[in-house]
Amino acid sequence: MTTPARVEWNDADAVRLRDAMQAEIRGMYADDPTSQNRDGRLEIDPESIVFTAVIREDDEPIGHIALRRLGDDLEIKRMYVVPERRGGDLAERLLAEVEREARALGAPRLILHTGARQQAAVAFYQRHGYTPIEIYPPYEQLAYSLCFEKQLA
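This structure is a prediction, so every number in the text was calculated from the model and none was measured.

The strand order across the open sheet formed by seven strands is E1-E2-E3-E4-E5-E7-E6, and the pairing between neighbours is mixed. Lying at the two open borders of the sheet, with one neighbouring strand each, are strand E1 (5-6) and strand E6 (131-133). In this sheet, strand E3 (residues 60-70) lies alongside strand E2 (residues 49-57) in antiparallel orientation, the contact comprising eight bridges. Along E3, the bridge assignment pairs isoleucine 55 with glycine 63. Across the sheet, helix H3 (residues 119-127) is in contact with strand E4 (73-81), strand E5 (109-115), E6 and strand E7 (145-151); its angle to E5 comes to roughly 160°.

Ranked by internal contacts, the top residues of the largest apolar core, which has 40 residues, are Ile76, Met79 and Leu110. Of all the secondary-structure elements, those providing two or more residues to this core are helix H1 (12-28), E2, E3, E4, helix H2 (90-104), E5, H3 and E7. Here the element with the most residues in this core is H2; it accounts for six residues. Once residues lying within four places of it in the same chain are set aside, the contact partners of methionine 79 are Met21, His64, Ile65, Ala91, Leu94, Leu95, Phe124 and Tyr125.

A separate point is the packing of aromatic side chains. To describe a pair of aromatic rings, one takes the distance between the centres and the angle between the planes. Summed over the entire model, instances satisfying the criterion amount to four aromatic pairs. Consider the rings of phenylalanine 124 and tyrosine 125, whose centres lie 5.5 Å apart with planes at 75°: the pair is edge-to-face. The same class applies to phenylalanine 124 as to tyrosine 125, namely buried. These aromatic residues form a ring-pair network of at least three members: Phe124, Tyr125 and Tyr130.

Along the chain, alanine 30 falls in the loop between H1 and E2. Expressed as a C-alpha distance, the spacing of alanine 30 and arginine 103, which sit 73 residues apart in the sequence, is 36 Å.

With five of seven residues buried, E7 lies mostly within the body of the structure. Where E6 lies against E7, three bridges are found, and the strand directions are antiparallel. Considered in E7, the bridge of isoleucine 133 is made with cysteine 147.

Tracing the chain through its elements places arginine 18 in helix H1. For arginine 18, a relative accessible area of 9% puts it in the buried group. Apart from residues no more than four positions distant in its own chain, arginine 18 is found in contact with Trp9, Thr52, His64 and Arg78.

With that settled, consider H2. Taking 1.5 Å of rise per residue, the 15 residues of H2 would be expected to cover 21 Å, and the 21 Å separating its terminal C-alpha atoms lies within 8% of that figure. When we look at burial in H2, the residues that qualify are Leu90, Ala91, Arg93, Leu94, Leu95, Val98, Glu99, Glu101 and Ala102.

What follows is about the packing of H2 against H3. Two numbers describe how H2 lies on H3: the axes approach to 12 Å, and their chain directions differ by 55°. In terms of their interaxial angle, H2 and H3 are classed as oblique. The handedness of the crossing between H2 and H3 comes out as right-handed. Here Ala91, Glu92 and Leu95 of H2 come into contact with H3, specifically with Phe124, Tyr125 and Arg127. Split by residue class, the contact of H2 with H3 holds four nonpolar, no polar and two charged.

Conventions adopted
- Residues numbered from 1 in each chain as written.
- Predicted model: local features only at pLDDT ≥ 70, side-chain atom pairs only at ≥ 80, totals over all residues.
- Heavy atoms only, no water.
- Pairing = 2+ DSSP bridges.
- Helix = DSSP H or I, 4+ residues; strand = E, 2+ residues; numbered from the N terminus.
- Contact = heavy atoms within 4.5 Å.
- Axes fitted to C-alpha atoms, helices over the stretch in contact; angles between N-to-C directions.
- Core = buried A, V, L, I, M, F, W, Y, C linked by side-chain atoms within 4.5 Å.
- Buried < 20%, exposed > 50% of the residue type's maximum accessible area, 1.4 Å probe, protein only.
- Phe/Tyr/Trp six-rings, centres within 6.5 Å; stacked < 30°, edge-to-face > 60°.
- Expected span 1.5 Å × (residues − 1).
- Parallel < 35°, antiparallel > 145°, perpendicular 65-115°, else oblique.
- Left-handed = near helix turned anticlockwise from the far one by under 90°.
- Nonpolar A, V, L, I, M, F, W, Y, C, P; charged D, E, K, R; others polar.

The structure is reproduced here in structure tokens:
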């Protein structure tokens, strides 16, 4: 069984997976003007990242997840499984790994942001105990924003 491996944020495979995810998301929201990130307000500060993991199979990167500090919270970022590998348990393994890390860091809860057009992601998170919360900064500027939390403690 392939397990997530901790990597640095700038790991080449991690960057490649995040780029693939961003391309997929841009396509989903291409007709939504609020999704345009022209001024960089939604860029992730690498200094805020406390954990990044990649799943590889036969040396091929197939999944990614990260955890960042956002104020007093820990936020799941860039959870992604390559399209041809979706439907198995890779996403569950990534999520379990990031939840373990968050607990180890003493986080009472995890938060995340996704979008209204990402219904598979919404259903996945809800199946795993994540419940809707108010949209938190900086995502209130995006009309399609959905935010969730999971209590860990």
